[in-house]
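Residues per chain, in single letters:
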Amino acid sequence: MNPLATIGRFAIAFLQRIGAVAFFASRAVSHCVRPPFYLRHVGLQMMEIGYYSLPVVGMTALFTGMVLALQSYTGFARFSAEGAVATVVVVSITRELGPVIAGLMVAGRIGASMAAEIGTMRVTEQIDALHTLSTNPMKYLVAPRIIAGAAMLPLLVLVADIIGVFGGYIVGVYKLDFNAGTYLKQTFDYLEVMDVVSGLVKASVFGFIISLMGCYHGYNSDGGAQGVGRATTNAVVSASILILVFNYGITEIFFSGR
Amino acid sequence: MATPKISIRGLKKRFGSKIVLDGVDLDIGVAESVVVIGGSGTGKSVLLKCILGLLEPEDGSIKIDGQEVVGMRGREREAINTKFGMLFQSAALFDSMRVWENVAFGLIAAQKLPKAEAKKIAIEKLGQVGLPPQTGELYPAELSGGMKKRVGLARAIATQPEIIFFDEPTTGLDPIMSDVINDLIVECVHVLGASALSITHDMASCRKIANRVAMLYQGKIIWDGPVAQIDHSNNPFVDQFIHGRAEGPIRMQIPV
């Protein structure tokens, strides 16, 4: 086999995939902004993404905050900088770990269920049935999920930020014997608005990516149960990778100047 | 002759290098029931999906009431689709909704009826296909195969479509239930005065619901005539198919 041809085929397949996703995304977004709107569906998806993900995201944020305090304490003790623990925790959580961890957890929870649900609808002809009932599936199935994803993730991350910082506070005060007042003062003294805002912008982008990947892979699934399984895996994996890639990109945009 | 309800000319569709439809010509008259027969994998479903706008054909024309629909998109397409009702092979009921919501879906989505009114019509349609009103409160997962088909039929006729499509309506049902569904199809189409296009390979079903039969083979309609003449078609392909013989001019193509 000609190795150059193989590389070429991969490259073309890769570009085709990017094009297909971009095309799907532009169609989805255009349906998000044009009536009719299925507000009830947007609401249902918001509940699913925002409210029902709270326990999972809360737990991960709590333990992330806790371990962050513990690790940075032992690490910083090597050069007597224990005092920076509170600041490190709050900045890391709001800028990076809150959005990324919430994004990855929601990608596993929501991205998978979207791909499975829409994929099953595809292979059982329910999506075709929507067409014949004068309902555009992009508008009915995809748009509400995209809107809900982009809108709810920032709220979820806001909660994760608070719980994460609280986790750091628990370890700091009850295990590492920081003074509660000092810990809180240090937490807020060095916190900038931009830290939180950049995290929320990231969260919104991640929410969009999660919904987009879940819907795209579900919508284009084929081959019965196996195909739906593949779509689910692809949705979670691609959303997770894209989250990390975009996380770097957005960080670059926000903070590279400083 | 009046404008046919559906008029298909030179329809071509291929997937990659595999030619599925290779110039299909077919007319369906007003209030006529046409059944397209053909073996598995001959492109019957693809033909249906092209008419519904789910697939874009490479070439050819499809006219609905004289209006060209190939290449039509968006709102226009949705408007055309309001003329259609479709019974899917697997019924394709929305499993997140109750039975009555399934039946009422088109009424609420396309005709913007208020919920209460749509529910009333849905219950009425369920009655028409022989299901009691209580069925309306169930979820599709709680129904048997035959009941699902009935609900699918009720959903297809709920919006009073002008054209109804049946995709293998009796596949997966026992012979008696098949006959019941066939009777319901004949009755519903008759009551609505709608045109019907069905695809099937069940000859009993075909004889019952068809006015006219067309046979699809290798991407073309190779025979087309009234159902009464199907036994005297003098076409070896048709003869082989309706008698279900392994020997004959049709060779089952095993995809590689």
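Data block above holds the structure.
Here's the deal with the overall build of chain A
Right, on to step 1. In terms of regular secondary structure, chain A is built from nine helices and zero strands.
Right, on to step 2. For chain A, the N- to C-terminal ordering of α and β elements is α-α-α-α-α-α-α-α-α.
Right, on to step 3. Seen through its C-alpha atoms, chain A measures out along the principal axes to roughly 65 × 55 × 35 Å.
Right, on to step 4. Each of the 258 residues in chain A was classed as buried or not, and the buried ones make up 45%.
Right, on to step 5. If you sum the accessible surface of chain A, you get close to 12,300 Å²; carbon and sulfur atoms cover 71% of it.
Right, on to step 6. Mean positive and mean negative side-chain charge positions of chain A (16 and 13 charges, respectively) differ by 8 Å.

Overview of the overall build of chain B
Right, on to step 1. Secondary structure summary: chain B contains eight helices and ten strands in total.
Right, on to step 2. Over its C-alpha trace chain B gives a radius of gyration of 18 Å, about what one expects of a compact globule, namely 18 Å for 256 residues.
Right, on to step 3. With respect to the principal axes defined by its C-alpha atoms, chain B has extents near 55 × 40 × 40 Å.
Right, on to step 4. Burial statistics for chain B: of 256 residues in total, 51% are counted as buried.
Right, on to step 5. Carbon and sulfur atoms make up 54% of the accessible area of chain B, which amounts to about 11,600 Å² in all.
Right, on to step 6. Averaging the locations of the 29 positively and 29 negatively charged side chains of chain B gives two centres separated by 3 Å.

Some details on the interface of chain B and chain A
Right, on to step 1. Every contact between the two is made by 23 residues of chain B and, on the other side, 16 residues of chain A.
Right, on to step 2. Between chain B and chain A the total buried area reaches about 1,600 Å² when both faces are included, carbon and sulfur atoms providing 56% of it.
Right, on to step 3. Inspection of the chain B/chain A interface yields one salt bridge.
Right, on to step 4. Between D128(A) and K49(B) there is a salt bridge, with the nearest N and O atoms lying 3.7 Å from each other.
Right, on to step 5. Summed over the shared surface of chain B and chain A, the number is five residue pairs in polar contact (both at pLDDT 80 or more).
Right, on to step 6. Every element with two or more residues in the side of chain B that touches chain A is listed here: α1 (44-52), α2 (74-81), β6 (84-87) and α3 (99-109) of chain B.
Right, on to step 7. Looking at the side of chain B that touches chain A, its residues break down into twelve nonpolar, five polar and six charged.

A short note on the side chain of K202(A)
Right, on to step 1. The topology assignment puts K202(A) in helix α8 (residues 193-219).
Right, on to step 2. When neighbours within four sequence positions are excluded, K202(A) is seen to be in contact with R95(A), E96(A), P99(A), N247(A), I250(A) and T251(A).

Notes on the packing of aromatic side chains
Geometry of an aromatic ring pair is reported as the spacing of the ring centres plus the angle between the planes.
Residue and element names in this part refer to chain A.
Right, on to step 1. In total, this model carries 14 aromatic pairs over all chains according to the counting rule given.
Right, on to step 2. Both rings, one in F76 and one in F79, keep their centres 5.8 Å apart while their planes meet at 35°; by these two values the pair is tilted.
Right, on to step 3. A centroid spacing of 6.4 Å and a plane angle of 20° characterise the contact between F166 and Y169, whose relative ring orientation is stacked. Of this pair, F166 and Y169 both sit in helix α6 (residues 137-175), separated by three residues, roughly a single helical turn.
Right, on to step 4. For Y169, a relative accessible area of 18% corresponds to the buried category.
Right, on to step 5. Across from the ring centre of F255, 3.7 Å away, lies the NZ or CZ of R95, which sits over that ring.
Right, on to step 6. The ring centre of Y219 lies 4.9 Å from the NZ or CZ of R122, which sits over that ring.

What about the sheet that holds strand β4 (residues 59-64) of chain B?
Residue and element names in this part refer to chain B.
Right, on to step 1. On the basis of which strands lie adjacent, the open sheet formed by four strands has the order β2-β1-β4-β5 and antiparallel pairing. A strand with exactly one partner marks an edge of an open sheet, and here the two such strands are β2 (18-28) and β5 (67-68).
Right, on to step 2. When strand β1 (residues 6-15) meets β2, the two strands line up antiparallel, connected through eight bridges. When the sheet's bridge partners are listed, K12 is paired in β2 with D22.

Some remarks on the pairing of strand β10 (residues 220-226) of chain B
Right, on to step 1. By the bridge criterion, six bridges tie strand β9 (residues 212-217) of chain B to β10(B) in an arrangement that is antiparallel. Pairing of L216(B) across the sheet is with I221(B), part of β10(B).

As for the pattern of salt bridges
All names here are of chain B.
Right, on to step 1. One pass over the structure, following the stated rule, counts 20 salt bridges over all chains.
Right, on to step 2. The residue K5 makes a salt bridge to E162 at a minimum N-O spacing of 2.8 Å. Taken together, the residues span a long stretch of sequence, with K5 in the segment before β1 and E162 in the loop between α5 (145-158) and β7 (163-167) at a distance of 157 residues.
Right, on to step 3. According to the relative accessible area criterion, E162 is partly exposed, its value standing at 35%.
Right, on to step 4. Through salt bridges with shared partners, a single network forms among K5, D65, K83 and E162.

Observations regarding the sheet that holds β6(B)
Residues and elements named next belong to chain B.
Right, on to step 1. A sheet is described by the order of its strands in space; here six strands give the open sequence β6-β7-β8-β3-β9-β10, paired in mixed fashion. Each of the sheet's edge strands pairs with one partner strand only, and the pair in question is β6 and β10. Averaged over neighbouring strand pairs, the angle between their axes works out to 15° when direction is ignored.
Right, on to step 2. Contacts from helix α8 (residues 236-243) reach β3 (33-37), β9 and β10 within the one sheet, and its direction differs from that of β9 by about 100°.

Some points on the environment of F166(A)
Right, on to step 1. F166(A) sits in the partly exposed class, given a relative accessible area of 44%.
Right, on to step 2. Distance from F166(A) to V33(A), taken between C-alpha atoms, is 38 Å for residues 133 residues apart in sequence.

Regarding the pairing of β3(B)
Residue and element names in this part refer to chain B.
Right, on to step 1. Most of β3 sits out of view: five of its five residues are buried.
Right, on to step 2. Burial along β3 is two-sided: S33, V35 and I37 facing one way and V34 and V36 facing the other are all buried.
Right, on to step 3. Relative to strand β8 (residues 195-200), β3 runs parallel, the two being bridged by five bridges. Pairing of S33 across the sheet is with A196, part of β8.
Right, on to step 4. Pairing geometry for β3 and β9, over four bridges, is parallel. The partner of I37 across the bridge, within β9, is M215.

About the thresholds
- Each residue is numbered by its place in its chain's sequence as written, counting from 1.
- Chains and ligands are labelled sequentially in the order written, the chains with letters from A and the ligands with numbers from 1.
- For this predicted model, a pLDDT threshold of at least 70 governs which residues receive local features, and a threshold of 80 or more governs which side-chain atom pairs are given and counted, while totals over whole chains, interfaces and linings are taken from all residues.
- Side-chain measures here rest on the full set of heavy atoms in the structure, leaving out hydrogens and waters.
- Strands are runs of DSSP state E lasting at least two residues, helices are runs of H or I lasting at least four, and both sets are numbered from the N terminus onward.
- Only protein chains enter the area calculation, which uses a 1.4 Å probe; residues under 20% of their type maximum are buried, those over 50% are exposed, and those in between are partly exposed.
- With residues, only the protein chains shown are counted as cover, and all accessible areas are computed by Shrake-Rupley using a 1.4 Å probe.
- Counted as positive: Lys and Arg. Counted as negative: Asp and Glu. His and the chain ends are not counted at all.
- Throughout, a charge is located at the NZ atom of Lys, the CZ atom of Arg, the CG atom of Asp or the CD atom of Glu.
- It is over C-alpha atoms that the radius of gyration is taken, and the globule rule equals 2.2 Å times the number of residues to the power 0.38.
- Throughout, a residue-residue contact means that at least one pair of heavy atoms, one from each residue, lies within 4.5 Å.
- A quick way to say it: buried area is the sum, across both parts, of accessible area lost when two parts are put together, with a 1.4 Å probe.
- What counts as a salt bridge is simple: a side-chain nitrogen of Lys or Arg found within 4 Å of a carboxyl oxygen of Asp or Glu.
- Any pair of nitrogen or oxygen atoms within 3.5 Å is treated as a polar contact; in protein, a donor-acceptor pairing is required on top of that, and neighbouring residues in sequence qualify only through side-chain atoms on both sides.
- Ten residues, namely Ala, Val, Leu, Ile, Met, Phe, Trp, Tyr, Cys and Pro, are considered nonpolar, four, namely Asp, Glu, Lys and Arg, are considered charged, and the remaining ones, Gly among them, are considered polar.
- Any pair of Phe, Tyr and Trp rings, taking the six-membered ring for Trp, is counted once the centres come within 6.5 Å. Such a pair is stacked with planes under 30 degrees apart, edge-to-face with planes over 60 apart, and tilted for the rest.
- Charge-over-ring placement is defined geometrically: NZ (Lys) or CZ (Arg) within 6 Å of the ring centre, and within 35 degrees of the ring normal.
- DSSP bridges decide pairing: two strands pair if at least two such bridges lie between them.
- What counts as an axis is a line fitted to C-alpha atoms, over the stretch in contact for a helix, and the angles between N-to-C directions run from 0 to 180 degrees.

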